[in-house]
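Notes for the structure review
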Amino acid sequence: LICSNIAISALRKIIPDKVRLPAYITVIATFVTVLQMLVKAYLPSLDSALGIFLPLIVVNCIILGRAEAFAYKNPPLASVVDGLTQGIGFTCALTILSVAREFLGSGTFGGGLIDVSNGFHIVLGGADGIRILPEGIGASLITQPAGGFLSLGIFIAIVTFLLKKSEEKAAKKEATK
């Protein structure tokens with residue numbers, strides 16, 4: 001809490017209001033993840049006792065941010081639709097991100113899910129997936145937690161770039177009318 005408050009306070013004047021909540025959530029999630037890694041490395045018994053509770057802080061930040069951004073200002077039915085579409089959107093984004101990270105990090109597709117050693121079948125856990133790149137070519141950093149943040153940043157930058165280009169194209173089309 002101290003670290004995230006310092007970071008958010010230091011960045012408050014350069015974070016645009018439009019992305020205020022996502023920026024806060026990212027800062028908090030970063031510090032919680034670092035804390036979780038430190039606890040796991042230096043206090044394994046505490047890590048075992050805490051279990052899933054530290055990662056839940058990150059999830060709660062996302063839920064709280066969405067509640068403040070939409071549900072607080074809209075009626076229940078619209079909030080149900082928003083919750084459903086946001087959940088589907090997060091699932092799609094995380095799926096795209098995880099497929100890209102697995103491919104770039106280990107050169108496979110479907111690791112932990114697709115087993116091709118004895119024919120093609122779906123399993124839960126333990127499967128190596130389909131090897132696409134030769135072994136040893138992937139950037140293993142991408143499969144680590146830090147690589148997750150890096151990949152997410154690149155993913156957000158790409159989406160932002162595409163949205164900006166789309167808006168510029170629409171504005172240009174509108175100006176020529």
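Located above this text is the structure these notes cover.
Residues numbered from 1 in each chain as written. Predicted model: local features only at pLDDT ≥ 70, side-chain atom pairs only at ≥ 80, totals over all residues. Heavy atoms only, no water.

Right, let's get into the overall build of the protein. Within the protein, the regular secondary structure consists of six helices and four strands. Along the protein, helices (α) and strands (β) appear in the sequence α-α-α-α-α-β-β-β-β-α when read from the amino end. Its C-alpha atoms give the protein a radius of gyration of 20 Å, more than 25% over the compact-globule value 16 Å for 177 residues. Structurally, the protein occupies a C-alpha span of about 60 × 50 × 35 Å along its principal axes. The 177 residues of the protein split such that 19% are buried. A separation threshold of at least 6 residues defines the contact pool for the protein, and within that pool the share at least 24 residues apart is 44%. Summed over all atoms, the accessible surface of the protein reaches about 12900 Å², with 71% contributed by carbon and sulfur. When the 15 positive and 11 negative side-chain charges of the protein are each reduced to one mean point, those points stand 12 Å apart. (Helix = DSSP H or I, 4+ residues; strand = E, 2+ residues; numbered from the N terminus. Rg over C-alpha atoms; globule rule 2.2 N^0.38 Å. Buried < 20%, exposed > 50% of the residue type's maximum accessible area, 1.4 Å probe, protein only. Contact = heavy atoms within 4.5 Å. Areas by Shrake-Rupley, 256 points an atom, 1.4 Å probe, with all protein chains shown as cover. Lys, Arg positive; Asp, Glu negative; His and termini not counted. Charge placed at Lys NZ, Arg CZ, Asp CG, Glu CD.)

A few words on helix H1 (residues 2-11). Listing the buried residues of H1 in full gives Ser 4, Ala 7 and Ile 8. End-on, the buried residues of H1 take up no more than an arc of 95 degrees, which puts them together on one face. Structural note: H1 exposes Ile 2, Ile 6 and Ala 10 on the side pointing more than 90 degrees away from its buried face. (Arc of directions from axis to C-beta.)

This part is about the packing of helix H5 (residues 76-106) against helix H6 (residues 145-175). Following both chains from N to C, one finds H5 and H6 inclined at 120 degrees, their axes separated by 10 Å at the closest point. By the angle between their directions, the pair H5 and H6 is classed as oblique. Where H5 crosses over H6, the two elements pack in a sense that is right-handed. Along its contact with H5, which presents Ala 93, Ile 96, Leu 97 and Arg 101, the element H6 presents Pro 145, Gly 147, Gly 148, Ser 151, Leu 152 and Phe 155. Residue composition of the contact of H5 with H6, grouped by class: six nonpolar, three polar and one charged. (Axes fitted to C-alpha atoms, helices over the stretch in contact; angles between N-to-C directions. Parallel < 35°, antiparallel > 145°, perpendicular 65-115°, else oblique. Left-handed = near helix turned anticlockwise from the far one by under 90°. Nonpolar A, V, L, I, M, F, W, Y, C, P; charged D, E, K, R; others polar.)

All quantities given are derived from atomic positions and should not be read as evidence of function.
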